[in-house]
Amino acid sequence: MKTVALLTDFGLADNFVGVMKGVILKINPQLSLVDISHQVSSHDIVQAAFLLRGCYKYFAKGTIFLVVVDPGVGSERHPIIIRSKNYFFVGPDNGCLSLAAKEDGVTKIVAIENKRYFLKTISHTFHGRDIFAPAAAHLSCQRRLNSFGETLSVIKQLDIARPKASKGILKGEVVYIDRFGNLVTNIDQPLFRRTVRNKKLKIKIKDTEIGSVASSYQAVRQGRPLAVFGSFGLLEISLNKASAKRLLGVAKGDSVKILVR
Amino acid sequence: MKTVALLTDFGLADNFVGVMKGVILKINPQLSLVDISHQVSSHDIVQAAFLLRGCYKYFAKGTIFLVVVDPGVGSERHPIIIRSKNYFFVGPDNGCLSLAAKEDGVTKIVAIENKRYFLKTISHTFHGRDIFAPAAAHLSCQRRLNSFGETLSVIKQLDIARPKASKGILKGEVVYIDRFGNLVTNIDQPLFRRTVRNKKLKIKIKDTEIGSVASSYQAVRQGRPLAVFGSFGLLEISLNKASAKRLLGVAKGDSVKILVR
Amino acid sequence: MKTVALLTDFGLADNFVGVMKGVILKINPQLSLVDISHQVSSHDIVQAAFLLRGCYKYFAKGTIFLVVVDPGVGSERHPIIIRSKNYFFVGPDNGCLSLAAKEDGVTKIVAIENKRYFLKTISHTFHGRDIFAPAAAHLSCQRRLNSFGETLSVIKQLDIARPKASKGILKGEVVYIDRFGNLVTNIDQPLFRRTVRNKKLKIKIKDTEIGSVASSYQAVRQGRPLAVFGSFGLLEISLNKASAKRLLGVAKGDSVKILVR
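Residues numbered from 1 in each chain as written. Chains lettered and ligands numbered in written order. Predicted model: local features only at pLDDT ≥ 70, side-chain atom pairs only at ≥ 80, totals over all residues. Heavy atoms only, no water.

1. Structural notes on the packing of aromatic side chains
Two aromatic rings, taken as a pair, are described by how far apart their centres are and by the angle between their planes. Enumeration over the complete set of coordinates arrives at 45 aromatic pairs over all chains. Between Phe 10 of chain B and Phe 126 of chain B, the ring centres sit 5.4 Å apart and the planes meet at 90°, which makes this aromatic pair edge-to-face. Of the two residues, Phe 10 of chain B is situated in the loop between strand S1 (2-8) and helix H1 (16-27) and Phe 126 of chain B in the loop between strand S6 (106-111) and helix H4 (127-140); the sequence distance between them amounts to 116 residues. Here Phe 10 of chain B falls in the buried class, since its relative accessible area comes to 8%. For Phe 126 of chain B, a relative accessible area of 5% puts it in the buried group. Pairing Phe 16 of chain B with Phe 126 of chain B gives two aromatic rings, centres 5.4 Å apart and planes at 65°, and the pair type is edge-to-face. Linking Phe 16 of chain B in helix H1 with Phe 126 of chain B in the loop between S6 and H4, this pair joins segments that are 110 residues apart in sequence. For the pair shown, Phe 16 of chain B and Phe 126 of chain B are each scored as buried. Aromatic rings pair up to connect Tyr 56, Phe 59, Phe 65, Tyr 87 and Phe 89 of chain A into one cluster. (Phe/Tyr/Trp six-rings, centres within 6.5 Å; stacked < 30°, edge-to-face > 60°. Helix = DSSP H or I, 4+ residues; strand = E, 2+ residues; numbered from the N terminus. Buried < 20%, exposed > 50% of the residue type's maximum accessible area, 1.4 Å probe, protein only.)

This is how it looks when you write it as structure tokens:
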């Protein structure tokens, strides 16, 4: 069975996610539905884009990603489908799809305009149910992309903080904090290697200094800080079996510096 | 595949929902299981009934809704199956199924009595696992309704707050608050239209006054209050990109008045 | 379809669970995936073992349980597959699988070593995605157990608190507290029956005394304490329609005494 993977900021307490799945399975009952997360912070497009980029490539080719983080629902932002080299992305054109689609390589963008693929009544507040879910379901039934609407040439991009390198200092920031309190930075492994090579380094975050990059949480004693390339492929600051967020007092957006000697 | 949609107050931290799904798939492995919500407030039958009524009709015909919000577990309330015009509803006869089933049109009610459809051992505290889940699973295997137990003529109804209209004032109340802090009232669109027609109106909730009904959140500036007919088909009081619950200080049960001039 | 049931401490806010499911369905798209819980307390192996033992036997024969509560990720603990009489268990060899597997009867244990069954790149921090999920998926495709790695003769066991009986006193403790605030003890029904027989009893927990074991929550008035054998098959201390945890001020690990007269 084909997979539709869902990512929203709807939470799990209301019936919003359930009703979207009801709509999808009504159109195509032969699907696997996978939840990526529904606990994106309300209206946080960047967080959704980050979580999607961090996981899409692990899914089977042809997977349809349905992303509804849509503070502009009911306004003029386009509902879109992006076809990339290996996947399909369905959601509002507000940047939430852009990081993943760009990384995989965009091959076509269409606006979702054909009312035949909408629910009959469109609410003002819940296009996830009325437009995006049915579009994803019809797409999974092999509808031609051109039948959804006109082809677009560009999508909205996101302004994402990028690390800066200068004179032996690599300056990044914390872009995500996971459930365990691990601090995920925007410093990826290729950039790190180019900057640090085999030189000695010191990593500074708030009042904490770390002298090397570890190969597992167990490289340090319990409760001690370490730096490690985590599952996003990005440098993370962690504590062994404890929350770096809480114990180091770090928040999203805080800076992390790597000093190369 | 047929869908069984689950709605409970079991939360997601314990293994209660997982074990119900295990029981269901053991009996019928060819099913799609959809979670409506498992975060109904503990024992809140009215909330469950409201969430179910707000979503059932978006599911495919023949969907089985399995609702376990069951403060009376182990007492004498009947476990029941309701067949409505398009769906099946399985749960305790305490009102949690009543709003949706009534709206769709009840065609038959049976008590779940046939021990062949129960698990072999019945606990005193978890009929969701021991009675309701296996009943829903056997029902999905096309068992005849009469084989479950005796036909009942009535089900327990809920006392739901209804809006009152008199002398140019429509008085309702907040019956649900969603994750985004939107305040869902019990005022539906047909009633609203009958009362307001094309006259001028003023909506009062706590210290806030709103002069019109908007067609999207974006109709007002960020952080400003608005009234909108939301995805439940009911009048909602919201803030654009902020929580009306928090910022207007409103709780479930608070009254909302529409003054027509 | 075969079932893979997942139990982790990953929570639902990050994309960790979703990406594991993506990995699994990429290898075997014809599976039902069931969540037991992803809200095991961070790194709490005993809690995971307890939740698994409390539900595994309700699943269909042949179900694969994928348990990732893995504080030692990246260190030398083995990833393992246990075949028991009726099921398969996949996870780290840290005890999280041991209670369920032992109860069902272990028939074979293998280390997961064959890199053909791993993802191509193995992170230091997320073996759930890179090793355990693909192993479970390949196992569901009927791979021979011996093809995963060498046979092991023992697995790590857990030190679980056991109740003590002496001179008319049965002393146990609270080992789990569920969403409703019910206090689950480690006293099972056979032990209880052997100790109490038909004699009078008094159950003491903190400042509360209970004089009998009830057959449902409704045996006492609303808000009153009772003892009942709950859905885990263990003695639970509860309040009718209220939280025993909150109102009796009891925490995990607190002792419960049964005095037999």
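2. Things to note about the sheet that holds strand S5 (residues 88-92) of chain A
In sheet architecture, strand pairing relies on hydrogen bonds along the backbone and comes in two forms, parallel and antiparallel. All names here are of chain A. Reading across from one edge, S2-S1-S3-S5-S4-S6-S7 is the order of the seven strands in this open sheet, with mixed pairing throughout. Each of the sheet's edge strands pairs with one partner strand only, and the pair in question is strand S2 (31-37) and strand S7 (151-152). Relative to S2, strand S1 (residues 2-8) is paired through six bridges, and the arrangement is parallel. Across the sheet, the residue bridging to Thr 3 is Ser 32, located in S2. The strands that helix H1 (residues 16-27) touches are S1, S2 and strand S3 (64-68); relative to S2, the one it contacts most, it runs at about 155°. (Pairing = 2+ DSSP bridges. Contact = heavy atoms within 4.5 Å. Axes fitted to C-alpha atoms, helices over the stretch in contact; angles between N-to-C directions.)

3. As for the interface of chain C and chain A
At the junction of the two partners, chain C supplies 34 residues and chain A supplies 32 residues. Considering only the side of chain C, the residues that lose the most area to chain A are Asp 14, Asn 15 and Thr 125 of chain C, jointly responsible for 20% of the buried surface there. Taken together, the connections running from chain C to chain A amount to zero salt bridges. Tallying contributions element by element places helix H1 (residues 16-27) of chain C first for the side of chain C that touches chain A, with eight residues. For the side of chain C that touches chain A, the per-class residue count stands at 14 nonpolar, 15 polar and five charged. (Buried area = accessible area lost by both parts, 1.4 Å probe. Salt bridge = Lys/Arg side-chain N within 4 Å of Asp/Glu carboxyl O. Nonpolar A, V, L, I, M, F, W, Y, C, P; charged D, E, K, R; others polar.)

4. Section: the relation of the copies chain A and chain B
You can overlay chain A on chain B at an RMSD of 0.0 Å; the transform is a turn of 120° with a shift of 0.0 Å along its axis. In the structure described here, the two chain copies are related by an operation that fits a three-fold rotation axis. Within chain A, Ser 32 of chain A has its C-alpha nearest the rotation axis, a separation of 4.7 Å. The residues that chain A uses at the interface reappear at the interface of chain B in only 12% of cases, marking distinct surfaces. (Least-squares fit on C-alpha atoms with pLDDT ≥ 70 in both.)

5. So, the pattern of salt bridges
Residues and elements named next belong to chain B. Throughout the structure, instances matching the rule amount to 21 salt bridges over all chains. With a shortest N-O distance of 2.6 Å, Asp 130 and Arg 129 are connected by a salt bridge. In terms of burial, Asp 130 and Arg 129 fall into one category: buried. Between Lys 202 and Glu 209 there is a salt bridge, with its nearest N and O atoms 3.9 Å apart.

6. Comments concerning the packing of H1 of chain A against helix H4 (residues 127-140) of chain A
Residues and elements named next belong to chain A. For the pair H1 and H4, interaxial distance at closest approach is 8 Å and the crossing angle is 35°. In this structure, the crossing between H1 and H4 has a hand that is right-handed. For the pair H1 and H4, contact is made by Val 19, Met 20, Val 23, Ile 24 and Ile 27 and by Gly 128, Arg 129, Ala 133, Pro 134, Ala 137 and His 138, respectively. (Left-handed = near helix turned anticlockwise from the far one by under 90°.)

7. What about the relation of the copies chain C and chain A?
When chain C is brought onto chain A, the operation consists of a screw motion whose angular component is 120° and whose axial shift is 0.0 Å, with 0.0 Å RMSD remaining. Of the interface residues in chain C, just 12% have counterparts in chain A that sit at the interface too, so the contact is made through distinct surfaces.

8. Quick notes on the interface of chain A and chain B
Contacts between the two partners involve 34 residues from chain A, matched on the other side by 32 residues from chain B. The largest contributions to the chain A side of the interface with chain B come from Asp 14, Asn 15 and Thr 125 of chain A, which together make up 21% of the buried area. Here chain A and chain B share zero salt bridges between them. Our count for the contact surface shared by chain A and chain B stands at 12 residue pairs in polar contact (both at pLDDT 80 or more). With eight residues, H1 of chain A is the single largest residue contributor to the side of chain A that touches chain B. (Polar contact = N/O pair within 3.5 Å; in protein donor to acceptor, adjacent residues only side chain to side chain.)

9. With respect to the environment of Tyr 87 of chain A
Residues and elements named next belong to chain A. Its place among the elements puts Tyr 87 in the loop between strand S4 (79-84) and S5. Between the C-alpha atoms of Tyr 87 and Arg 261, which are 174 residues apart in sequence, the distance is 43 Å. Those residues within four positions of Tyr 87 in sequence are excluded, and the remaining contacts are Tyr 56, Lys 57, Tyr 58, Phe 59, Ala 60, Lys 61, Gly 62, Thr 63, Phe 65, Ile 82 and Asp 104. A distance of 3.4 Å separates a polar atom in the side chain of Tyr 87 from the backbone oxygen of Lys 57.

10. As for the state of the cysteines
Residues and elements named next belong to chain C. Counting across every chain of the model gives zero disulfides over all chains. The thiol of Cys 55 is unpaired, and the distance to the nearest cysteine sulfur, on Cys 96, comes to 13 Å. Look at Cys 55 and you get buried, because its relative accessible area is 0%. We classify Cys 96 as buried; its relative accessible area is 1%. (Disulfide = S-S within 2.5 Å.)

11. A short note on the pairing of S3 of chain A
Residue and element names in this part refer to chain A. Burial of S3 is extensive: five of the five residues sit out of reach of the surface. With burial as the criterion, each face of S3 is covered, one bearing Ile 64, Leu 66 and Val 68 and the other bearing Phe 65 and Val 67. Pairing analysis gives five bridges linking S1 to S3, with the strands arranged parallel. When the bridges of S3 are listed, Leu 7 appears paired with Val 67. Relative to S5, S3 runs parallel, the two sharing three bridges. Bridged to Phe 65 within S5 is Phe 89.

12. A few points about the sheet that holds strand S4 (residues 79-84) of chain B
Within the open sheet, the six strands sit side by side as S2-S1-S3-S5-S4-S6 (chain B). Their pairing is mixed. Of all the strands in the sheet, the pair left with one neighbour each is strand S2 (31-37) and S6 of chain B. Neighbouring strand axes in the sheet, compared pairwise and without regard to direction, differ in orientation by 20° on average. In the sheet, S4 of chain B pairs with strand S5 (residues 88-92) of chain B via five bridges, with the strands oriented antiparallel. Across the sheet, Pro 79 of chain B pairs through a bridge with Pro 92 of chain B, a residue of S5 of chain B. With respect to the sheet, H1 of chain A is in contact with S1 and S2 of chain B, its orientation differing from that of S2 of chain B by roughly 150°.

13. So, the side chain of Asn 186 of chain B
Residue and element names in this part refer to chain B. With respect to the element layout, Asn 186 can be found in strand S9 (residues 183-188). Its relative accessible area of 11% is what places Asn 186 among the buried residues. A distance of 2.9 Å separates a polar side-chain atom of Asn 186 from the backbone oxygen of Ala 161. Of the polar contacts made by the side chain of Asn 186, one reaches the backbone nitrogen of Glu 173; its length is 2.9 Å.

14. Topic: H4 of chain A
All names here are of chain A. Between its first and last C-alpha atoms H4 spans 18 Å; for 14 residues at 1.5 Å apiece the expected length is 20 Å, and the two agree. Within H4, the axis deviates most sharply at Ala 133, by approximately 30°, and proline Pro 134 lies no more than four positions further along. A large share of H4 lies buried, amounting to 14 of its 14 residues. (Expected span 1.5 Å × (residues − 1). Bend = angle between axes of the 7 residues up to and from the residue.)

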